[in-house]
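# Examining the three-dimensional arrangement
The primary structure of each chain is shown beneath.
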Amino acid sequence: MYNAAVDEVTGQRGQSGGALGGQAVVGQLSRILSSISTYSASGQINVLEDLGLKLETNGRLTYAPFTLIGAELTNPASVTSFLGSAAGGGFLKVATDALTSVEDSVTGLLKTSETDMTSQIAKLGATIADKQTKVDALQIRLQNQMAVSDALIAAMEQQASYFSSMFAAQQTADQMYK
Amino acid sequence: MEQFSLEPIRQAVNSEEFDRAGRLWEQYAGQLHQAILDGSATGAMLSETRQLVDWSALVVKAFRAHAGAQLNSLHVAEVYGGAGSRESRAIIRASF
């Protein structure tokens, strides 16, 4: 489960990352996952690796069951102390708090990120609609101007030809009556 | 005809104010018509008018080419831009 979450977060990163690439939530989730896997306590068993859960360089955890069995056999009290409880303290408290900070239906990171993104999408939608309105107006203006310019040239051509003919006819008439 | 210059028409065409150019042209055409009728029109006036008409036709041709290209790019942007934004929204929704 932990490794699946790590893979999902890692998959969002980089140029070929997922839809959340570049979003702050990716880094925040990564830090929360790290806070679980790098938990340390004082005592004979103080890191997860002492229980057979080794953190690899790619962020995933690998499990060596015999290490856990060995720790349980040789030092059960330290194992219990390290793990603690979800409400009391120790690793389980840290892990539970971390998951709550992600999953809480009101204040959790996923919920607040969803709310933020919904808001951003709504704003983006409004901006797109506004730009579209301007583009539509420009389109209509250009089409109207093209129609008006066509009409102008047609009128100018027609009237200029008419005046030329009229002027030439008048010149001819003037010469005839001179 | 003395009081009416072709320059305002030229300026209106040049600034792509074709509506205004049309109104100014109608005024000018009325005055030129009257000048021809009363015999005060000259060959120079007709020649200047013809030059204006030819020049305006060139300006309108250039305007149409530019406006046509703009309309075409708006159409292309609409086709590609519209599809892209819909897809992005779907991805963001799916990720939650």
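Residues numbered from 1 in each chain as written. Chains lettered and ligands numbered in written order. Predicted model: local features only at pLDDT ≥ 70, side-chain atom pairs only at ≥ 80, totals over all residues. Heavy atoms only, no water.

Attention now goes to the overall build of chain B. Along the backbone of chain B there are 3 helices and 0 strands. Reading the helices (α) and strands (β) of chain B from amino to carboxyl end gives α-α-α. Pairs at least 24 residues apart make up 57% of the contacts formed inside chain B by residues separated by at least 6 positions. For chain B, the exposed surface amounts to about 5,700 Å²; the carbon and sulfur share of it is 53%. (Helix = DSSP H or I, 4+ residues; strand = E, 2+ residues; numbered from the N terminus. Contact = heavy atoms within 4.5 Å. Areas by Shrake-Rupley, 256 points an atom, 1.4 Å probe, with all protein chains shown as cover.)

In terms of nonpolar packing, the biggest core is built from 32 residues, with Met156 of chain A together with Ile9 and Trp25 of chain B touching the most fellow members. For this core, the secondary structure elements donating two or more residues are α6 (109-176) of chain A together with α1 (7-14), α2 (18-38) and α3 (43-95) of chain B. Apart from residues lying up to four places away in sequence, Trp25 of chain B is in contact with Leu152, Ala155, Met156, Gln159 and Ala160 of chain A together with Ile9, Thr49, Leu52 and Val53 of chain B. Judged by nonpolar contacts, the second largest core, of 24 residues, contains Ile36, Phe91, Leu109 and Met117 of chain A. (Core = buried A, V, L, I, M, F, W, Y, C linked by side-chain atoms within 4.5 Å. Buried < 20%, exposed > 50% of the residue type's maximum accessible area, 1.4 Å probe, protein only.)

Relative to the assigned elements, Ala21 of chain B resides in helix α2. Residue classification places Ala21 of chain B among the buried residues on the basis of a relative accessible area of 0%. Put simply, Ala21 of chain B and Ile9 of chain B are 12 residues apart on the chain and 5.1 Å apart in space, counted from C-alpha to C-alpha. Ala21 of chain B has contacts with Leu152 of chain A together with Ile9, Ala12 and Val13 of chain B, leaving out every residue within four places of it along the chain.

Residues and elements named next belong to chain B. The backbone of Glu16 sits at a positive phi, close to 60°, despite the residue not being glycine. Tracing the backbone through its elements, the reader meets Glu16 in the loop between α1 and α2. We classify Glu16 as partly exposed; its relative accessible area is 33%.

Glancing now at the packing of aromatic side chains. Residue and element names in this part refer to chain B. Enumeration according to the criterion identifies 6 aromatic pairs over all chains in this entry. For the ring pair Trp25 and Tyr28, a centre distance of 5.8 Å and an interplane angle of 40° mean the geometry is tilted. Here Trp25 and its partner Tyr28 are both found in helix α2, 3 residues apart, which amounts to about one turn of the helix. When sorted by exposure, Trp25 lands in the same class as Tyr28, which is buried. (Phe/Tyr/Trp six-rings, centres within 6.5 Å; stacked < 30°, edge-to-face > 60°.)

Interface size is commonly expressed as the accessible surface area that is lost when the partners come together. With 35 residues of chain A in contact, the opposing surface of chain B contributes 38 residues. Approximately 3,200 Å² of surface area, both sides summed, lies buried where chain A meets chain B, with 74% of it carried by carbon and sulfur atoms. Counting across the chain A and chain B interface gives 2 salt bridges. Put simply, Arg50 of chain B and Glu157 of chain A hold a salt bridge, and the shortest N to O gap is 3.4 Å. (Buried area = accessible area lost by both parts, 1.4 Å probe. Salt bridge = Lys/Arg side-chain N within 4 Å of Asp/Glu carboxyl O.)

Across the interface, α6 of chain A lies against α2 of chain B with an axial gap of 10 Å and an inter-helix angle of 10°. What the angle tells us is that α6 of chain A and α2 of chain B run roughly parallel. Here the residues of the contact of α6 of chain A with α2 of chain B are counted per class, giving 16 nonpolar, 6 polar and 2 charged. (Axes fitted to C-alpha atoms, helices over the stretch in contact; angles between N-to-C directions. Parallel < 35°, antiparallel > 145°, perpendicular 65-115°, else oblique. Nonpolar A, V, L, I, M, F, W, Y, C, P; charged D, E, K, R; others polar.)

Just geometry here; none of it tells us what the structure is for.
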